[in-house]
Amino acid sequence: MTPSNVQQTLVVLKPDTVQRRLIGRIVDRFERKGFKITALKFVQLSQDQAERMYAVHEGKEFYERLMRFVLSGPVVAMVLAGPDAVEVVRGMMGPTDSGQAQPGTVRGDFGMGQPMNLVHGSDSADSAANEIAVFFEPGEIVEYTLDTDAWTHGG
Ligand code: IDP
Ligand code: MG
């Protein structure tokens, strides 16, 4: 078995997911894929958290609209662990514009555009570390073993 590059990544189920009652369906996809949930919370973002999460987009033409959207209702934030988690989660999400996303991806199956594209996933290991810190204290990340680890990634 090849050695696995186990990473942690931040996933946020955005306000449209919560309002459309799709939380369970989307979490289910990540669980079935084999990811391990190491932290999870249901939260209304503060302005400060939203600004930190989307700092790289400040000044872009869609920034104000994006802020209004992510602050419009509660979200689910979670940390997922697994081999190449950043890249694999991004693949499962699909491209930013849900209208262009392929069937089989979260955005392709449930979305029609942007900014309402259901899910956020970190785009690099560095972003993941910064974004996880926006939502979770280090003590809220739970390290544990699943009996199925060996069956999902040769643990
Ligand atoms: P990503 O979520 O696929 O990583 P980013 O480019 O990081 O996409 O943009 C962050 C979020 O901002 C997107 O998920 C989407 O909600 C929103 N967004 C990005 N580009 C546009 C746009 O051109 N129009 C409207 N909203 C956008
Ligand atoms: Mg992004």
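Reading the values: rules and limits
- Residues numbered from 1 in each chain as written.
- Chains lettered and ligands numbered in written order.
- Predicted model: local features only at pLDDT ≥ 70, side-chain atom pairs only at ≥ 80, totals over all residues.
- Heavy atoms only, no water.
- Pairing = 2+ DSSP bridges.
- Helix = DSSP H or I, 4+ residues; strand = E, 2+ residues; numbered from the N terminus.
- Axes fitted to C-alpha atoms, helices over the stretch in contact; angles between N-to-C directions.
- Polar contact = N/O pair within 3.5 Å; in protein donor to acceptor, adjacent residues only side chain to side chain.
- Contact = heavy atoms within 4.5 Å.
- UniProt positions renumbered as here; feature names shortened; annotations may be inferred.
- Near = heavy atom within 4 Å.
- Areas by Shrake-Rupley, 256 points an atom, 1.4 Å probe, with all protein chains shown as cover.
- 1 Å grid on protein atoms, 1.4 Å probe; cavity = no way out; pocket = protein on both sides within 12 Å on 5 of 7 lines; lining within 4 Å.
- Sits in = over half its atoms within 2 Å of the grid points.
- Nonpolar A, V, L, I, M, F, W, Y, C, P; charged D, E, K, R; others polar.

**Some points on the sheet that holds strand β2 (residues 36–43)**
And then number 1: The 4 strands are arranged β2-β3-β1-β4 in an open sheet whose pairing can be described as antiparallel. In this open sheet, the two edge strands, each paired with only one partner strand, are β2 and β4 (119–121). Neighbour to neighbour, the strand axes of the sheet diverge by 20° on average, direction disregarded.
And then number 2: Both β2 and strand β3 (residues 75–83) contribute to a ladder of 7 bridges, which runs antiparallel.

**Concerning the side chain of Gln7**
And then number 1: Considering the arrangement of structural elements, one finds Gln7 in strand β1 (residues 6–13).
And then number 2: In this structure the side chain of Gln7 is engaged in a polar contact, spanning 3.1 Å, whose partner is the backbone nitrogen of Ala85.
And then number 3: Those residues in contact with Gln7, other than ones at most four positions away along the chain, are Leu80, Ala81, Gly82, Asp84, Ala85, Val86 and Ala125.

**So, the environment of Arg21**
And then number 1: Its place among the elements puts Arg21 in the loop between α1 (15–19) and α2 (23–33).
And then number 2: Counting along the chain gives 77 residues from Arg21 to Ser98, while the straight-line C-alpha distance between them is 18 Å.

**Topic: the UniProt feature "domain: Nucleoside diphosphate kinase-like" (unreviewed entry) in the chain**
And then number 1: The sites that carry the UniProt feature "domain: Nucleoside diphosphate kinase-like" (unreviewed entry) are, in the present numbering, residues 6–143.
And then number 2: Between the end C-alpha atoms of residues 6–143 there is a gap of 13 Å, over a span that is 41% helix and 20% strand.

**Observations regarding the site of ligand 1**
And then number 1: Residues in close proximity to ligand 1 include Lys14, Tyr54, His57, Phe62, Leu66, Arg90, Thr96, Arg107, Gln114, Pro115 and Asn117, which together make up its full environment.
And then number 2: Here His57 contributes a side-chain N or O atom positioned 2.8 Å from an oxygen atom of ligand 1.
And then number 3: In isolation ligand 1 exposes 530 Å². Once the protein is present, 83% of that is buried.
And then number 4: Most atoms of ligand 1, that is more than half of them, are within 2 Å of grid points of the largest pocket.
And then number 5: For the shell around ligand 1, the class distribution of residues is 4 nonpolar, 4 polar and 3 charged.

**Remarks on the environment of Val86**
And then number 1: Along the chain, Val86 turns up in helix α5 (residues 85–93).
And then number 2: Separated by 75 residues in the primary sequence, Val86 and Val11 have C-alpha atoms spaced 9.5 Å apart.
And then number 3: In this structure, Val86 is in contact with Gln7, Gln8, Thr9, Ser122, Asp123, Ser124, Ala125 and Ala128, ignoring residues within four places of it in sequence.

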